[in-house]
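Coordinates in review
Here is what each chain is made of, one letter per residue.
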Amino acid sequence: TALPCCNCLRCGRRERKDTCRHKTATAMLLVLCFVGILAATASTYRGTGDVVHGFDNMACASAKSIDSTLGGSAEPYFVGMVPAFEEFWELDQQLDDGSPLLQDIDGLMDTTGPIEHSVTIAADVLSLLGDMLGQPRTVHPRTPEGKDLMHDCALCAKTAGPLG
């Protein structure tokens, strides 16, 4: 016990003999534990500095990455998300109903009306020509009385298909 004069607290126990070797071993063990605790504290302190530097580097790299993603970069060339969205917004504005671009396109389309009409008439005329050339009385002509002229129009037969 802590009080060597009180033998009554040691009931049932035998008398211990503490030698100098036991005390030295215990003291050495405590010193080794204390040195280990100091070494662990020093290592933790050094590691804390590395962690702080790592977080600082991560924050800097993240800021650079966000800056180049949003604003773009020169090398390697990347236009950036904000300028790309601005271009898409301008394109969207140009394609709105009643925008100057669409009004100009409508004006150009209105001036092509006569051309469209002429192309439609030409296509219809060619279709009628193909139908006429493909008729049997054109390919195998006869007289008004119905007599065979013994003539086959090879040009009519060949031309009727592509024109019709």
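One can find the structure itself at the top, above this paragraph.
About the criteria used
- Residue indices begin from 1 for each chain and proceed along its sequence in written order.
- Totals for whole chains, interfaces and linings use all residues, but because this is a predicted model, local features are given only for residues with pLDDT of at least 70 and pairs of side-chain atoms are given and counted only at 80 or more.
- Where side-chain values are given, they derive from all heavy atoms of the structure, hydrogens and water being excluded.
- Only runs of H or I of at least four residues qualify as helices and only runs of E of at least two qualify as strands under DSSP, and these elements are numbered from the N terminus.
- In protein, a polar contact means a hydrogen-donor-capable atom and an acceptor-capable atom, both N or O and within 3.5 Å, with residues adjacent in sequence counting only if both atoms are side-chain atoms; elsewhere, any N or O pair within 3.5 Å suffices.
- Fitted lines through C-alpha atoms serve as axes, helices being fitted only where they are in contact, and the angles separating the N-to-C directions of these axes extend from 0 to 180 degrees.
- Angular relationships are summarised with four words: roughly parallel below 35 degrees, roughly antiparallel beyond 145, roughly perpendicular across 65 to 115, and oblique for the angles in between.
- Pairs of residues are marked as contacts when any of their non-hydrogen atoms sit within 4.5 Å.
- Each residue is assigned to one class: nonpolar for Ala, Val, Leu, Ile, Met, Phe, Trp, Tyr, Cys and Pro, charged for Asp, Glu, Lys and Arg, and polar for all the others, Gly among them.

1. A word on unusual backbone geometry
A cis amide bond links Glu75 to the next residue, Pro76, at an omega of -10°. Tracing the chain through its elements places Pro76 in the loop between α1 (20–71) and α2 (81–94). The phi dihedral of Met150 is positive, around 55°, even though this residue is not glycine. As for its placement among the helices and strands, Met150 is situated in the loop between α5 (136–139) and α6 (154–163).

2. Focus: the side chain of Ser99
Mapped onto the elements, Ser99 comes out in the loop between α2 and α3 (100–111). In terms of polar contacts, Ser99 uses its side chain to reach the backbone carbonyl oxygen of Gln94, at 2.5 Å.

3. Looking at the packing of α1 against α2
Closest axis-to-axis distance for the α1/α2 pair is 4 Å, and the angle between their directions is 20°. Relative to α2, the element α1 lies roughly parallel. Contacts from Thr69, Leu70 and Gly71 of α1 reach α2 at Met81, Val82 and Pro83. Within the contact of α1 with α2, the residues separate by chemical class into 4 nonpolar, 2 polar and no charged.

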